[in-house]
Amino acid sequence: GCDTSVFPPGNPDPEAGTSDSAARLNARSILGVPPNAEAVLYVGRLDLRKGLIELIESTAQLRHGRPTVHAYILGDGPDRPALLEAIARLSAADCITLVPACPTTEVARWMSAANLVTLPSYREGCPNVVIEALAAGRPVVASNVGGIPELMDSSCGRLIPIQSIPALVEALDQVLTQPWDAAAIASTHSRGWVEVAADLHQVLAETLRARHV
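Residues numbered from 1 in each chain as written. Predicted model: local features only at pLDDT ≥ 70, side-chain atom pairs only at ≥ 80, totals over all residues. Heavy atoms only, no water.

Colleague: Describe the nonpolar core, naming the residues involved and giving the relevant values.
Modeller: It is characteristic of soluble globular proteins that their nonpolar side chains tend to be buried jointly. Membership of the largest hydrophobic core comes to 60 residues, with the highest contact counts inside it found for Leu41 and Ile73. In terms of residue count, helix 7 (residues 165–177) provides more of this core than any other element does, 8 residues in total. Ignoring sequence-local partners within four residues, the contact set of isoleucine 73 consists of Tyr42, Leu46, Leu52, Leu55, Ile56, Ile96, Thr97, Leu98 and Val99. (Core = buried A, V, L, I, M, F, W, Y, C linked by side-chain atoms within 4.5 Å. Buried < 20%, exposed > 50% of the residue type's maximum accessible area, 1.4 Å probe, protein only. Helix = DSSP H or I, 4+ residues; strand = E, 2+ residues; numbered from the N terminus. Contact = heavy atoms within 4.5 Å.)

Colleague: Please provide a residue-by-residue account of the packing of helix 2 (residues 52–62) against helix 3 (residues 80–89), values included.
Modeller: It is the contact of helix 2 with helix 3, at a shortest axis distance of 10 Å, that shows an interaxial angle of 20°. As the angle between them shows, helix 2 and helix 3 are arranged roughly parallel. With respect to the hand of their crossing, helix 2 and helix 3 are arranged in right-handed fashion. Here Leu52, Ile53, Ile56 and Glu57 of helix 2 lie close against helix 3, whose contacting residues are Ala82, Leu83, Ala86, Ile87 and Arg89. Among the residues making up the contact of helix 2 with helix 3, the classes are represented as 7 nonpolar, no polar and 2 charged. (Axes fitted to C-alpha atoms, helices over the stretch in contact; angles between N-to-C directions. Parallel < 35°, antiparallel > 145°, perpendicular 65-115°, else oblique. Left-handed = near helix turned anticlockwise from the far one by under 90°. Nonpolar A, V, L, I, M, F, W, Y, C, P; charged D, E, K, R; others polar.)

Colleague: Describe the pairing of strand 2 (residues 69–74), and please don't skip the residues or the numbers.
Modeller: Counting buried positions along strand 2 yields 6 of 6 residues, so the element is predominantly enclosed. Residues Val69, Ala71 and Ile73 of strand 2 are buried on one face, and the alternating residues His70, Tyr72 and Leu74, pointing to the opposite face, are buried as well. In this structure, strand 1 (residues 38–43) lies alongside strand 2, joined through 6 bridges in parallel fashion. Within the sheet, the bridge partner assigned to valine 43 lies in strand 2 and is leucine 74. Chirality of the crossover, the property in question, places the unit of strand 1, helix 2 and strand 2 among those that are right-handed. The pairing of strand 2 with strand 3 (residues 96–99) spans 4 bridges and is classified as parallel. The residue of strand 3 that forms the bridge with alanine 71 is isoleucine 96. (Pairing = 2+ DSSP bridges. Right-handed = clockwise from strand over helix to strand, strands pointing away.)

Colleague: Now, about the pairing of strand 4 (residues 116–119): what can you tell me, with residues and values included?
Modeller: By the alternation rule, side chains of strand 4 split into Leu116 and Thr118 and Val117 and Leu119, which are all buried. Pairing of strand 1 with strand 4 involves 2 bridges; the strand directions are parallel. Bridge pairing in strand 4 places leucine 41 opposite valine 117. As paired strands, strand 4 and strand 5 (residues 140–143) are joined by 3 bridges and run parallel to one another. Bridge pairing in strand 5 links valine 117 to valine 140. Each parallel crossover has a hand, and for strand 4 linked through helix 5 (residues 128–135) to strand 5 it is right-handed.

Shown next, in the form of structure tokens:
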């Protein structure tokens, strides 16, 4: 679960009462993202094991057929120099931007601005970024590893094998092409802390009852 007051579908400011498309344009205006960009967002540690070289190479390939695609890689970490080298090697600075780590409320704004969120990681547990993206109504392209398949399916994005640039290119292309309903994604896949607490309470209560049978 996540704090759904911070990650409501499509809008980091639920009191604004605007539509998802209007919230996206507003977030882009604040963040400096072009209105017509096909924005692919990664949020997390800058670690090569997160599949970031694959993301950079996939974005560089995608731009030939999708000239408005742009990957925003948000976070800090030890492999930032390697990512900058890969961006320079591919002459991809015009379609890939490294964004410094920021507070959670700003992450929500970036998700509002994005078309999709991606996590092409080599290994994961139950990643918060996927939970938050789905709560925000954003489709996800993520590796079929760890607990990720328990969080999402084709109704809200695509699962891909690790370290496969062709698979990542295809999945990103498909998700950017397909229309998505932010409210539908959020209503199906979002779980707030209240629901998580209720589920935990039920499990503990049932366990206690079983011990006394």
